[in-house]
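Here are the chains, one letter per residue:
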Amino acid sequence: MARAHVYKRDHINTDEIIPARYLNTDDEAELATHCLEDLDADFIKNTKPGDIMVAGDDFGCGSSREHAVWAIRGAKVGTVIAKTFARIFYRNAIDCGFYLIESADALDNINDGDNIEIDYDNGVIKNITSGKDITFNPLPDFAVEIIKDGGLLEHIKKTMK
Amino acid sequence: MGMTITEKILARSAGKDKVTAGDLIDANIDIVMCHDVTTPAAISMLQEKGIDRVFDAEKIVVTPDHFQPAKDIKSAELHKRLDTWAKKKNIKYYYPIGKAGVCHALLPEQGHIRPGEVIVGGDSHTCTYGAFGAFSSGIGSTDLAAVIATGQLWFKVPQSIKFVLKGSLPKGVYSKDIILAVIARIGTDGALYKAMEFVGDTLKDMTMEARMTITNMAIEAGGKNGIMPFDEITKAYLDEHLTNKKEYTVFESDADAEYCQIEEFDCSKLEPMVAKPHLPSGGVAVGEVEGMAMDQSYIGSCTNGRIEDLRIAAEILKGKTVKIRTLIVPATPVIWKMAKDEGLFDIFYDAGCVIAAPTCGACLGGFMGILASGEKCISTTNRNFVGRMGSPESEVYLASPATAAASAIEGKITDPRKYM
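Thresholds, definitions, all that
- Starting afresh in each chain, residues are numbered from 1 along the sequence in its written order.
- Whichever chain is written first becomes A and whichever ligand is written first becomes 1, with later ones labelled in order.
- Whole-chain, interface and lining totals are the exception, using all residues; otherwise, since this is a predicted model, local features are given only for residues with pLDDT of at least 70 and side-chain atom pairs are given and counted only at 80 or more.
- Per the convention used, a helix needs a DSSP run of H or I reaching at least four residues, while a strand needs a run of E reaching at least two, with both numbered from the N terminus.
- Note that the radius of gyration is over C-alpha atoms, with the globule rule given as 2.2 Å times the number of residues to the power 0.38.
- Counting other C-beta atoms within 10 Å of a residue's own tells you its class, since 20 or more makes it buried, 12 or fewer makes it exposed, and anything in between is partly exposed; those C-beta atoms are placed from the backbone.
- The contact criterion used is a C-beta to C-beta distance within 7 Å, with each C-beta placed from the backbone.
- Convention adopted: a line fitted to C-alpha atoms gives each axis, helices being fitted over their contacting stretch, and angles between N-to-C directions are expressed from 0 to 180 degrees.
- Convention used here: angles under 35 degrees read as roughly parallel, angles over 145 as roughly antiparallel, angles from 65 to 115 as roughly perpendicular, and any remaining angle as oblique.
- By convention, the crossing between two helices is left-handed when the near helix turns anticlockwise from the far helix through less than a right angle, and right-handed when the turn is clockwise.
- Asp, Glu, Lys and Arg are counted as charged, while Ala, Val, Leu, Ile, Met, Phe, Trp, Tyr, Cys and Pro are counted as nonpolar; the rest, among them Gly, fall into the polar class.
- Strands qualify as paired when DSSP identifies two bridges or more between them.
- As used here, the arc is the angular range of directions from the helix axis to the C-beta atoms.

J.: Explain the overall build of chain A to me, using residue names and the numbers behind them.
T.: Counting its secondary structure elements, chain A contains eight helices and seven strands. For 161 residues, the compact-globule estimate of 2.2 N^0.38 gives 15 Å, and chain A sits close to it at 15 Å. In terms of its C-alpha atoms, chain A occupies a principal-axis envelope of roughly 50 × 35 × 25 Å. Within chain A, buried positions represent 50% of all 161 residues. Taking as baseline every contact in chain A between residues at least 6 positions apart, the subset at least 24 positions apart corresponds to 66%.

Printed below as a string of structure tokens:
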């Protein structure tokens, strides 16, 4: 079971997820210590492995910095659920083997602190606290294949000579 | 049904006669842009995975820019990793410090951008190159690693939105004002996953420098790429700048190509725009924010750090004195030298501006003009997110070089037409 950290906001951008002043490193553990620092300074203190972030539209807009995905993954966040994701962030997450969930209904049906379980194969977010199930469309097959392989580089290695 | 210019270029890159929006393709990449923030990680990934190779040492262009000259020990380490790799791999077009510049100003200037090609780069503003009738899009480090090793990348062919720009720009209104107006209308996710195709007679009066300001900010509306048709202005720029490979193929959208949306702009009615914090979509006519006190003016970046931008700023600053900290950041060494030779540096010096070395610098809150808490900056850059140029309690107002220069003189947001 995972705890939901809910941000009722659209356009949470890459500068908020990991400010550029920390881009002088690509060390995931170090980046994680600054994850969401300018949006929610307590996020890192309050996050346990497997916890889930929930937000509105256009999550991850802005920079192409994959550091944003690394900071979230480094913070041991299980997944991010958003109404929509910005393109490069979405692509970076798949490339990193990090599963994202696009759901139009999640934000309205999950409160901060709710306990959540996710059934990735069947596309169901179970809100244990409220007892409500929220369905979502699983990622397309090619993306799931990349994630199952452990990310894009492992995926392409299979076909490289 | 015909194809858009974006579909035609992607079809060519995948060796297909036809693609349609939504198709998944494996594109062969023509040019890969690498800089100091996202590339070192890509190199490390390739080394860790045991696929430390480059698909073509002549198709990868490398320049440090974000934190160059190195701002601290950690960024110096990034530069060292980039430098070691570029030399070891015999990257033909490597621009070390002295030649290095803000990537999206440097690559066209040095002749690496050709119409009809597919260009990717480890930077979101890679969409800039679409001004030349190329498909170009920003990617992260893992994609960058994959393309460095294989020369290929998967893409979903995007739907296209057509932006029809009509009429001549009034005095004091520039391409930056157009793109701020576009983003204000459709929002920061108004073109999410989509191609933004700009057409119309307004483009005919625009230099390539001015056009690049528009495609540069396609990402600020969520676009996958920004793109413009090829014309005689494109050709003249290429004739001057292409040095190595001079051949290219011109593609144009079919008359019956499919667009998911069409937006028209009467540019003759536009006013100078200012995008208020904290999203690039916060654009309003300058009159709405005129008189707001600023602490800094920043003129530079991949959006507006080209020679034309510096000329526009100098024209306004000539014989005047700035009231607030004003930074001039020429985007490349060539632009820096042109500005010096044309006497622009004297104008900036006399006005009390600081002239920096080419760098992305404070645009992304790196260094060279960071904001303290409570400070406000009028800036020719592309993003005004919370904390973008420094303290999370600072504010960034996006505008054209003319508006930034006029505002520097008065120390508050000022309509540039007052100084024309």
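The structure having been displayed, the exposition proceeds.
J.: Any details on the packing of helix α10 (residues 307-317) of chain B against helix α12 (residues 344-351) of chain B? Residues and values, ideally.
T.: All names here are of chain B. Closest axis-to-axis distance for the α10/α12 pair is 9 Å, and the angle between their directions is 45°. The angle between α10 and α12 places the two elements in the oblique class. Helix-helix and strand crossings are classified by hand; for α10 and α12 the assignment is left-handed. Note on element contacts: α12 touches α10 through Leu344, Ile347, Phe348 and Ala351, opposite Leu310, Arg311, Ala314 and Leu317. Grouping the constituent residues of the contact of α10 with α12 by class yields seven nonpolar, no polar and one charged.

J.: Now, about the interface of chain A and chain B: what can you tell me, with residues and values included?
T.: Contacts between chain A and chain B engage 35 residues on the former and 41 residues on the latter. Elements with a contribution of two residues or more to the side of chain A that touches chain B: α1 (14-17), α5 (87-95) and α8 (152-157) of chain A. Broken down by element, the side of chain A that touches chain B gets its largest block of residues, five residues, from α5 of chain A. Of the residues in the side of chain A that touches chain B, the class split is twelve nonpolar, ten polar and 13 charged.

J.: Run through the sheet that holds strand β7 (residues 132-135) of chain A, naming residues and quoting values.
T.: Residues and elements named next belong to chain A. Ordered in space as β4-β3-β2-β1-β5-β6-β7, the seven strands form an open sheet in which the pairing is mixed. Each having just a single partner strand, β4 (100-102) and β7 make up the two edges of the open sheet. The mean inter-strand angle of the sheet, taken between neighbouring strand axes irrespective of direction, is 30°.

J.: Requested: an account of α12 of chain B, with residues and values cited.
T.: All names here are of chain B. For α12, the complete set of buried residues consists of Leu344, Ile347, Phe348 and Ala351. All buried residues of α12 fall inside an arc of 95° around its axis, so they share one side. Within α12, the exposed residues directed more than 90 degrees away from the buried face are Asp346 and Tyr349. On its buried face, α12 is in contact with α10, β15 (325-329), α11 (333-341) and β16 (354-355). Once α12 finishes, Gly352 follows within two positions and takes phi at roughly 95°, a positive value.

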